[in-house]
Amino acid sequence: MSVQSTKQAVRRWILTGGIAAITAIGAYTGASLKGNQEVIKEKKKLLEATPEERIAQLELARSELVAKKHGIEIKIANLAARRQAKARQNGDAK
């Protein structure tokens, strides 16, 4: 291989890497901007909502949180029951 062809190969690799990096950064930046715009639209929509709409949104959010709380309480109760059962088994084995 001559020195000229080696330089061309190196240049080709550098250009290819640069183009790939620019493409990846552009895609990431575009996705970030779109996400930020969606957040801004949601905040604006929330601020422009009538009191009735805001109450409905808050009630919906509350019901979702209550459902999550109920699920977590069930898991905690099941865990406590398993611990008690295990403690009883260990107590009986002694």
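Residues numbered from 1 in each chain as written. Predicted model: local features only at pLDDT ≥ 70, side-chain atom pairs only at ≥ 80, totals over all residues. Heavy atoms only, no water.

### Looking at the overall build of the protein
Next up, step 1: The helix and strand tally for the protein stands at two helices and zero strands.
Next up, step 2: Against the compact-globule benchmark of 12 Å for 94 residues, the protein has a radius of gyration of 30 Å, which places it well outside the compact range.
Next up, step 3: In terms of overall dimensions, the protein has a C-alpha envelope of 85 × 60 × 10 Å along the principal axes.
Next up, step 4: Expressed as a percentage of its 94 residues, the buried residues of the protein come to 2%.
Next up, step 5: Summing over all exposed atoms, the protein offers an accessible surface of approximately 9,000 Å²; the carbon and sulfur share of this is 63%.
Next up, step 6: The averaged location of the 9 negative side-chain charges in the protein is 16 Å from the averaged location of its 18 positive side-chain charges. (Helix = DSSP H or I, 4+ residues; strand = E, 2+ residues; numbered from the N terminus. Rg over C-alpha atoms; globule rule 2.2 N^0.38 Å. Buried < 20%, exposed > 50% of the residue type's maximum accessible area, 1.4 Å probe, protein only. Areas by Shrake-Rupley, 256 points an atom, 1.4 Å probe, with all protein chains shown as cover. Lys, Arg positive; Asp, Glu negative; His and termini not counted. Charge placed at Lys NZ, Arg CZ, Asp CG, Glu CD.)

### Things to note about the domain arrangement of the protein
Frequently, the measure chosen for interface size is the accessible area that the parts lose on association.
Next up, step 1: Each assigned domain of the protein is listed here: domain 1 (1-48) and domain 2 (50-93).
Next up, step 2: Distance from the C-alpha centre of domain 1 to the C-alpha centre of domain 2: 43 Å. (Domains from an automatic or database assignment.)

### Considering the UniProt feature "transmembrane region" (unreviewed entry) in the protein
Next up, step 1: Those residues carrying the UniProt feature "transmembrane region" (unreviewed entry) are residues 12-31 in this numbering.
Next up, step 2: Note that residues 12-31 is 100% helix and 0% strand, and that its end C-alpha atoms are spaced 29 Å apart. (UniProt positions renumbered as here; feature names shortened; annotations may be inferred.)

### Here we look at the pattern of salt bridges
Next up, step 1: Enumeration over the complete set of coordinates arrives at one salt bridge.
Next up, step 2: Between Lys69 and Glu73 there is a salt bridge, and its shortest N-O distance comes to 3.9 Å. Remark: Glu73 and Lys69 occur in helix H2 (residues 51-93); sequence separation between them is four residues, near one turn of the helix.
Next up, step 3: A relative accessible area of 52% places Lys69 in the exposed class. (Salt bridge = Lys/Arg side-chain N within 4 Å of Asp/Glu carboxyl O.)

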